[in-house]
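One letter stands for each residue in the lines below.
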Amino acid sequence: MKTLHTVAELQSLRADWRARGERVAVVPTMGNLHRGHLALVERAKQLAERVVVTIFVNPLQFGPNEDFGRYPRTLPEDLKALAGLGVDLVYAPPVEEVYVNGFPPATTITVAPLSSQLEGHFRPGFFTGVATVVAILFDSVQPDVAVFGEKDWQQLQIVTRMVADLRMGIAIVGHPTARDDDGLAMSSRNQYLNAEERARAPAVHASLQAVAAGLRAGRRDLESLCDEACAALRQQGFVPQYLEVRTPALDSPIASTRDFVVLVAAVLGTTRLIDNLRVTLD
Ligand code: PAF
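Right, let's walk through the structure included here. (Residues numbered from 1 in each chain as written. Predicted model: local features only at pLDDT ≥ 70, side-chain atom pairs only at ≥ 80, totals over all residues. Heavy atoms only, no water.)

Attention shifts here to the pairing of strand β2 (residues 24-29). Along β2, 6 of the 6 residues are buried, which leaves the element largely enclosed by surrounding structure. Judged by which residues are buried, β2 turns out to be covered on both faces: V24, V26 and P28 on one side and A25, V27 and T29 on the other are all buried. Both β2 and strand β3 (residues 50-55) contribute to a ladder of 6 bridges, which runs parallel. For V26, the partnering residue across the bridge sits in β3 and is V52. Remark: the β2/helix α2 (residues 35-47)/β3 crossover connection has right-handed handedness. Here 2 bridges tie β2 to strand β5 (residues 145-149), and the two strands are oriented parallel to one another. Bridge pairing links A25 to V145 in β5. (Buried < 20%, exposed > 50% of the residue type's maximum accessible area, 1.4 Å probe, protein only. Helix = DSSP H or I, 4+ residues; strand = E, 2+ residues; numbered from the N terminus. Pairing = 2+ DSSP bridges. Right-handed = clockwise from strand over helix to strand, strands pointing away.)

If you want it as structure tokens, here you go:
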């Protein structure tokens, strides 16, 4: 497994692979890898001969009061975790290798109107930061396929739409959320929780399951269903930001909808947790 930090070195290796007709799968990450990321790598291995993992804590997707400064940066541990998994290349560029003409970049990508809803409403600029860096990383790696976690469901929809609109010709594959035994979705931000908060954190997944149970029982009073789940979260000390039922493409459900996704963001102490659950009715 090679580790490279410049796009020139990356592209020279990429050219060798292309000359041999080898397909490339990329797993974009911000590092601090956990079991969920490693599952994305395993999936990527099934999809292409070569696997590239990118590790870059992207300043463009953090708001001024967010956790860019304290976001865990653990490259040596990440490289250890990836060793032996069959990854060909870890691309870990510095900021100036990604934003070549200075930071912040003059050119950005916004997938409207999805980027200003749900997560985007509470984190203005977040999805512009994500779409822009993903486009730059795709341009650097030139992958045939890219694997993203379904935990960031809205991000997955936005990247899929960007790739389609800009005719990037990259297959986007979503992979199911990895969870701890008590249902908490794995996230690098879970380590911000203290022991008492960690014990309460599974309430986020439980709130989604409660809404899913309502949908399966035939309830379509979506607003009160979500209000009840938010009330349960508040009882556990959370401040819910949104809890909504949408279609998988993130439109509002209509009477005939049978395939839903329930999405939630809630703050516990100083930690913001997000999660979602797909509900498909027979
Ligand atoms: O999901 C993430 O870790 C990031 O948003 C991504 C896709 C690597 C872009 O920085």
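Moving on to the site of the ligand. Around the ligand, the structure places P28, T29, M30, N58, Q61, V130, V133, F148 and Q155. Between the ligand and Q61, the relevant distance is 2.6 Å, taken from an oxygen atom to a side-chain nitrogen or oxygen of the residue. A distance of 2.7 Å separates an oxygen atom of the ligand from a polar side-chain atom of Q155. Contact with the protein chains hides 89% of the accessible area of the ligand, taken as 290 Å² for the molecule alone. When residues of the shell around the ligand are traced back to their parent elements, those giving at least two are β2 and α6 (126-141). Taken together, the residues of the shell around the ligand break down into 5 nonpolar, 4 polar and no charged. (Near = heavy atom within 4 Å. Polar contact = N/O pair within 3.5 Å; in protein donor to acceptor, adjacent residues only side chain to side chain. Areas by Shrake-Rupley, 256 points an atom, 1.4 Å probe, with all protein chains shown as cover. Nonpolar A, V, L, I, M, F, W, Y, C, P; charged D, E, K, R; others polar.)

Further remarks concern unusual backbone geometry. In this structure, P104 follows F103 across a cis peptide bond, with omega equal to 0°. With respect to the secondary-structure elements, P104 resides in the loop between α4 (95-98) and α5 (119-122). A cis amide bond links A112 with the next residue in sequence, P113, at an omega value of -5°. If you trace the backbone, P113 turns up in the loop between α4 and α5. Its identity as a non-glycine residue notwithstanding, L118 has a phi of 45°, on the positive side. Take L118: it is sitting in the loop between α4 and α5.

This next bit is on the state of the cysteines. This structure, assessed with the given rule, holds 0 disulfides. Sulfur of C226: no disulfide; nearest cysteine sulfur belongs to C230 and is 6.8 Å away. Residue classification places C226 among the buried positions, given a relative accessible area of 6%. Under the relative-accessibility criterion, C230 is labelled buried at 10%. (Disulfide = S-S within 2.5 Å.)

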